[in-house]
Amino acid sequence: MRKKHPNTLAVVALVSGAATALTACGGSDEPTLPTLAAATPGMLVSCTDLGTKAVLAGTTLTSTTLVASGGLTVDGVTSAMPEHCLVKGEMNRRTSAVDGKSYAIGFEMRLPTAWNGRYFYQANGGIDGSVVTATGPVGGGAPTTNALQMGFAVLSSDAGHNIGAPWWGIDPQARLDYGYQAVGSLTPMAKNLIKTAYGKAPDRSYLGGCSNGGRHALVGAARYADQYDGILAGAPGFHLPKAAMAQMWKVQQYASIATSTVATGADAGQPDITSAVTPDEFKLLGSKIAAKCDALDGLGDGIVSDVKACQAVFNVNTDVPTCAEGTRDGTCLSQPQKTVLANIFAGAKNSKGEPIYASFYADPGVAGANHMLWHYGNSLTRDPGALAFIFTSPPSTQAAFLATTGLKYALGYDIDTSYPKMFATDAVYTTAPWTFMTPPNETDLSALKGRGGKLMVYHGTADPIFSAADTTKWFEALQTANGGSSANFARYFMVPGMNHCSGGPATDQFDMLTNLVNWVEKGQAPEQITANARGTGANVVNTEVPATWSANRARPLCAYPKVARYKGAGDIESAASFSCQ
Ligand SMILES: [Ca+2]
């Protein structure tokens, strides 16, 4: 049964000191900002006829299907979903004048029959290129809920190209769509479609994702603040081209201490970078970081909550035993290994010793499988193509790129000559990669702030590709740019031990979105978010949860700069035994 929801007038922001909660950690130094009115629910009035009813510029709806409530499987996990309308379509179909190929912005929307009045733009990871199922992830690893289940109307897109390989970077408009314009094109379309489907436009709109999705979110916070009320940026790759370039430097660092060569295939005879630091040696490194830093937060529990304090005291050169010449048994590191690992923590440099990206935190999570995957695997399979075709102007050619391997590409990569190409333009590529990939001014979020929008950022302290230390540096700059009062619209939550978006020895299961909605629509600023480990019994078990932890260990993730500290009494597996200080 469906009934038409009465049209409602646009909701006007309530600007009132009484309506805006000044939270415990707030105070008089935080200027009062508007609190936006809460969304009101509605019911789906149109689905299978949307193709004929919706008038959407530049848009073709290819299918409209009412999906019964039931299990929906995404990434191997089946979750119960409410009845919803699945709309598939595309925008801005065109033929590139540069590579002659056909491009469009492909998308799907899932519109629940019982709607909470909100819209969620699901920003996706990697180099995009496929329409990921639009369920609306709420953050972390294997979350137990999602935006669709909560009643949001959710959109997901391929960001303007439908191939996973990076060749689309040859087309200038595909670059711009990937950088930010897909969000700009899709958002008004989606809001119009929602208006037709429910009889009213969304009251409140949210934009969220992790990794490149976190980048989309932060870029959106700057460029499309007039269209979004809440932004959720996970592990934001908002300096993504530099992070990718730093990966080439890491490969070169590891290659410099490789003890064996690749045996077969196109890379035969080249340094085997996986021999540089073995899994056991990364585990040793993680355990030595924990030995030095675990108790800094008041409790030796395998979690380094005070990661900044840890950086001041941990020294790979003095805190890890040095191997005798020729002895490597997993209980020590050689001096060359220590030098390379210290370099990698300090961050990539050019030949003059100038930083090209950021430092990385030393954290026990460096022993995580995802950490090695990014340093040893994705650095060869993902980053070279992204650099060659998307983050360089002009891009490479397929023939030139395919003539080498990822490993040879990385080993031959010249940082000094490549770096300027990130900022270059020419007659065809009129926007530099750095310009389309990053926010125009990453510490100016005044439009979002001024109208009552809110931003929540989270980042794993052991993220091996996008540096949490880089995000911390940006967040502190944002604070400075706002006279120290940015906590009234932007908050940052580090996730100790977490690798890239999930995984590692961490409490990596949490729901940021519900907290974001409560902040935007009720003025409840989030001081801490409860996170759980995914041990035995979890929906998706994280095999890196240490055996010494309870399966569902809980911790508060604290709004920066506070960190979770043990109260000195109580169950150490319970979040209630910790406070953010
Ligand atoms: Ca600890």
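The structure presented is a predicted model; accordingly, all values stated were derived computationally and were not measured.

A. Quick look at the overall build of the protein. Each helix and strand in the protein was counted, giving 18 helices and 17 strands. Its C-alpha atoms give the protein a radius of gyration of 24 Å, within 12% of the compact-globule value 25 Å for 581 residues. Contacts spanning at least 24 positions in sequence make up 69% of the contacts within the protein whose residues lie at least 6 apart.

B. Representation of the domain arrangement of the protein within the structure. The domains assigned to the protein are domain 1 (42-238 + 439-580) and domain 2 (242-435). Taking only C-alpha atoms, the centre of domain 1 and the centre of domain 2 are 27 Å apart. Listed by partner, the interface residues are 42 residues for domain 1 and 34 residues for domain 2. Those elements that place two or more of their residues in the side of domain 1 that touches domain 2 are α3 (172-198), α17 (468-481) and β16 (564-566). A total of four residues in the side of domain 1 that touches domain 2 trace back to one element, the largest contributor, which is α17.

C. Here's a closer look at the packing of helix α5 (residues 240-255) against helix α9 (residues 335-346). The interhelical angle for the contact between α5 and α9, taken along N-to-C directions, is 170°, at an axis separation of 10 Å. With respect to α9, the element α5 is oriented roughly antiparallel. Of the residues in α9, those touching α5 at Lys 250, Gln 253 and Tyr 254 are Val 340, Asn 343 and Ile 344. Tallied by class, the residues present in the contact of α5 with α9 amount to three nonpolar, two polar and one charged.

D. Inspection of the nonpolar core at higher detail. Within the largest apolar cluster, 154 residues are counted, with the highest numbers of intra-cluster contacts made by Met 109, Leu 455 and Phe 493. No fewer than three residues from each of domain 1 (42-238 + 439-580) and domain 2 (242-435) sit in this core.

E. Region of interest: helix α6 (residues 279-293). Over its 15 residues, α6 extends 21 Å from the first C-alpha to the last, a length consistent with the 21 Å expected when each residue adds 1.5 Å. Glu 281, Leu 284, Leu 285, Gly 286, Ile 289, Ala 290 and Cys 293 are the residues of α6 that are buried. The secondary structure elements touched by the buried residues of α6 are α7 (307-313) and α9.

F. Representation of the sheet that holds strand β9 (residues 153-157) in the model. Strands sit in the order β2-β5-β6-β9-β8-β10-β11-β12-β13 across an open sheet of nine strands; the sheet is mixed. The open sheet has two edge strands, β2 (59-67) and β13 (490-495), and neither has a second partner. Adjacent strand axes in the sheet meet at a mean angle of 15° when their direction is disregarded. Bridge count for strand β10 (residues 204-210) against strand β11 (residues 230-234) is five bridges, and the pairing is parallel. Bridging across to β11, Cys 210 finds its partner in Gly 234. Strands β2, β5 (84-95), β6 (102-112), β8 (118-122) and β9 of the sheet are contacted by α3, whose axis makes an angle of about 40° with β6. Seen against the sheet, helix α18 (residues 512-522) touches β10, β11 and β12 (454-460) and runs at an angle of roughly 155° to β12.

G. Expanded view of the environment of Gly 164. Tracing the sequence through the fold places Gly 164 in the loop between β9 and α3. Residues Gly 164 and Gly 129, 35 residues apart in the sequence, show an inter-C-alpha distance of 5.1 Å. Excluding anything up to four places from it in sequence, Gly 164 contacts Gly 129 and Ser 130.

H. Layout of the packing of α5 against helix α10 (residues 369-381). The N-to-C vectors of α5 and α10 enclose an angle of 120°; their axes lie 9 Å apart at closest approach. Between α5 and α10, the crossing angle belongs to the class labelled oblique. Crossing hand, α5 versus α10: left-handed. For the pair α5 and α10, contact is made by Gln 247, Lys 250 and Val 251 and by His 375, Ser 379 and Leu 380, respectively. By residue class, the composition of the contact of α5 with α10 is two nonpolar, three polar and one charged.

I. Broad picture of unusual backbone geometry. Each neighbour pair has its own omega, and for Ser 393 with Pro 394 the value is -10°, a cis peptide bond. With omega at 10°, the peptide bond leading from Tyr 560 into Pro 561 counts as cis. Turning to its location among the elements, Pro 561 is positioned in the loop between β15 (554-558) and β16. Its identity as a non-glycine residue notwithstanding, Asn 92 has a phi of 55°, on the positive side. Structurally, the position occupied by Asn 92 is in strand β5.

J. Focus on the environment of Ala 174. Tracing the backbone through its elements, the reader meets Ala 174 in helix α3. Judged by local crowding, Ala 174 falls into the buried class, with 29 C-beta atoms found within 10 Å. Distance in space between the C-alpha atoms of Ala 174 and His 161 is 6.5 Å, their sequence separation being 13 residues. In contact with Ala 174, other than residues within four places in its own chain, are Tyr 103, Gly 160, His 161, Trp 168 and Gly 169.

K. α3, seen in detail. Relative to the 39 Å expected for 27 residues at 1.5 Å per residue, α3 spans 36 Å between its end C-alpha atoms, a close match to the ideal helical length. At Tyr 180, α3 shows its largest bend, some 75°. Burial within α3 is extensive, with 19 of its 27 residues counted as buried. Just past α3, the residue Gly 199 takes up positive phi, approximately 85°.

L. Fine view of the pairing of β9. Most of β9 sits out of view: five of its five residues are buried. Residues Ala 153, Leu 155 and Ser 157 point to one face of β9 and Val 154 and Ser 156 to the other, with burial holding for every one of them. In the sheet, β6 pairs with β9 via four bridges, with the strands oriented antiparallel. When the bridges of β9 are listed, Glu 108 appears paired with Ser 156. As judged from the four bridges shared by β8 and β9, these two strands associate in the parallel manner. Looking at the pairing, Tyr 121 lines up with Leu 155 of β9.

Reading guide: rules and limits
Throughout, residues of each chain are indexed from 1 in the direction in which the sequence is written. In keeping with the predicted nature of the model, local features appear solely for residues at pLDDT of at least 70, side-chain atom pairs appear and are counted solely at 80 or more, and the whole-chain, interface and lining totals rest on all residues. Secondary structure elements are defined from DSSP: runs of H or I of at least 4 residues count as helices, runs of E of at least 2 residues count as strands, and each element is numbered from the N terminus. Only C-alpha atoms enter the radius of gyration; for comparison, a globular chain is expected to reach 2.2 Å times N to the power 0.38, where N is the number of residues. Remark: residues whose backbone-derived C-beta atoms lie within 7 Å of one another are considered to be in contact. Each domain's limits were defined by an automated method or a database of domain assignments. All axes are obtained by fitting lines to C-alpha atoms, using only the stretch in contact for helices, and the reported angles, taken between N-to-C directions, cover 0 to 180 degrees. The cut-offs work like this: below 35 degrees is roughly parallel, past 145 is roughly antiparallel, 65 to 115 is roughly perpendicular, and the gaps in between are oblique. Three classes are used, and their members are as follows: Ala, Val, Leu, Ile, Met, Phe, Trp, Tyr, Cys and Pro are nonpolar, Asp, Glu, Lys and Arg are charged, and the others, Gly among them, are polar. The nonpolar core is taken to be a set of buried Ala, Val, Leu, Ile, Met, Phe, Trp, Tyr and Cys residues joined by way of C-beta atoms within 7 Å. Residue burial is a threshold on neighbouring C-beta atoms within 10 Å of the residue's own C-beta, all placed from the backbone, with 20 or more meaning buried, 12 or fewer meaning exposed, and counts in between meaning partly exposed. Expected helix span is taken as 1.5 Å per residue step, with the number of steps being one fewer than the number of residues. Strand pairing is assigned whenever DSSP identifies at least 2 bridges connecting the two strands. Each crossing gets its hand from how the near helix is turned against the far one by less than a right angle, where anticlockwise is left-handed and clockwise is right-handed. Here the bend at a residue means the angle between the axes of two seven-residue stretches, the one that ends at it and the one that starts at it.

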